[in-house]
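Each chain, written out:
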Amino acid sequence: MELWVANDMPEQFAGCLLRWCIESKAVKLMEGEAALDARPLDATLAATIGLPASLPDTITVSLELTDGKGRALARHRRETYLEAWRIPPPAVHRRVPPMCRGCRMRPEIPR
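Residues numbered from 1 in each chain as written. Predicted model: local features only at pLDDT ≥ 70, side-chain atom pairs only at ≥ 80, totals over all residues. Heavy atoms only, no water.

### Examining the overall build of the protein
In step 1: Counting its secondary structure elements, the protein contains zero helices and six strands.
In step 2: Sequence-ordered secondary structure for the protein, helices as α and strands as β, is β-β-β-β-β-β.
In step 3: By residue count, 25% of the 111 residues in the protein fall in the buried class.
In step 4: A fraction of 51% describes how many contacts in the protein between residues 6 or more apart in sequence connect residues 24 or more apart.
In step 5: As displayed, the protein has an accessible area near 8500 Å², and 56% of this comes from carbon and sulfur atoms. (Helix = DSSP H or I, 4+ residues; strand = E, 2+ residues; numbered from the N terminus. Buried < 20%, exposed > 50% of the residue type's maximum accessible area, 1.4 Å probe, protein only. Contact = heavy atoms within 4.5 Å. Areas by Shrake-Rupley, 256 points an atom, 1.4 Å probe, with all protein chains shown as cover.)

### Looking at the nonpolar core
In step 1: Ranked by internal contacts, the top residues of the largest apolar core, which has 17 residues, are Leu3, Val5, Leu18, Leu36 and Leu65.
In step 2: Those elements that place two or more of their residues in this core are strand E1 (2–7), strand E2 (13–24), strand E3 (27–38), strand E4 (42–48) and strand E5 (58–66).
In step 3: Per-element accounting of this core gives the leading share, four residues, to E2.
In step 4: Excluding its chain neighbours within four sequence positions, the residues that come into contact with Leu3 are Leu18, Trp20, Thr44, Leu45, Ala46, Ala47, Ile49 and Leu63. (Core = buried A, V, L, I, M, F, W, Y, C linked by side-chain atoms within 4.5 Å.)

### Considering the side chain of Thr44
In step 1: Position of Thr44 relative to the elements: it lies in strand E4.
In step 2: Excluding residues within four positions of it along the chain, Thr44 makes contact with Leu3, Trp4, Val5, Leu36, Asp37, Ala38 and Arg39.

### Quick word on the environment of Leu41
In step 1: Among the secondary structure elements, Leu41 is positioned in the loop between E3 and E4.
In step 2: Classification of Leu41 as exposed rests on a relative accessible area of 62%.
In step 3: A C-alpha to C-alpha distance of 5.7 Å links Leu41 and Met9, two positions 32 residues apart in sequence.

### Some points on the pattern of salt bridges
In step 1: One pass over the full model with this rule turns up six salt bridges.
In step 2: Measuring nitrogen to oxygen at the nearest pair gives 3.4 Å for the salt bridge that ties Glu31 to Lys28.
In step 3: Taking the relative accessible area as the measure of exposure, Glu31 reaches 52% and is therefore exposed.
In step 4: Here Lys28 falls in the exposed class, since its relative accessible area comes to 54%.
In step 5: We note a salt bridge from Asp42 to Arg39, for which the minimum N-O separation is 2.8 Å. (Salt bridge = Lys/Arg side-chain N within 4 Å of Asp/Glu carboxyl O.)

### Points about the pairing of E1
In step 1: Here E1 shows a clear split, with Leu3, Val5 and Asn7 buried on one side and none of Glu2, Trp4 and Ala6 buried on the other.
In step 2: Sheet analysis places E1 next to E4, joined by six bridges and oriented antiparallel. Residue pairing across strands places Trp4 opposite Leu45, the latter belonging to E4. (Pairing = 2+ DSSP bridges.)

### Considerations on the environment of Val61
In step 1: As for its placement among the helices and strands, Val61 is situated in strand E5.
In step 2: A sequence separation of 17 residues divides Val61 from Arg78, and the C-alpha atoms of the two residues are 5.4 Å apart.
In step 3: The contact partners of Val61, leaving out residues within four places of it in the chain, are Met1, Cys21, Ile22, His76, Arg77, Arg78 and Thr80.

So, in structure tokens, the structure goes:
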């Protein structure tokens, strides 16, 4: 998962710190922080987090961005449904053959 910081202001914020936390049902699963400079009118990739496959289907991601003096610039909290982003098991990805020319039936899918 990538964490981006978008600065829509015409000024740069140097020496920022992005703190992040991933939790589920009020239990912290992962947390960390990343230092960055928020460039003016730009977006900056702050961190890339490797999510383990063992995470529950629903998580809450909390973010807090502070400036170089520790003042909060932004906070964000969002519930995310990982189930929608997970790749189904290979059995679901069977290829469906195209329709036969001259008929309206699909050939049987080999099992």
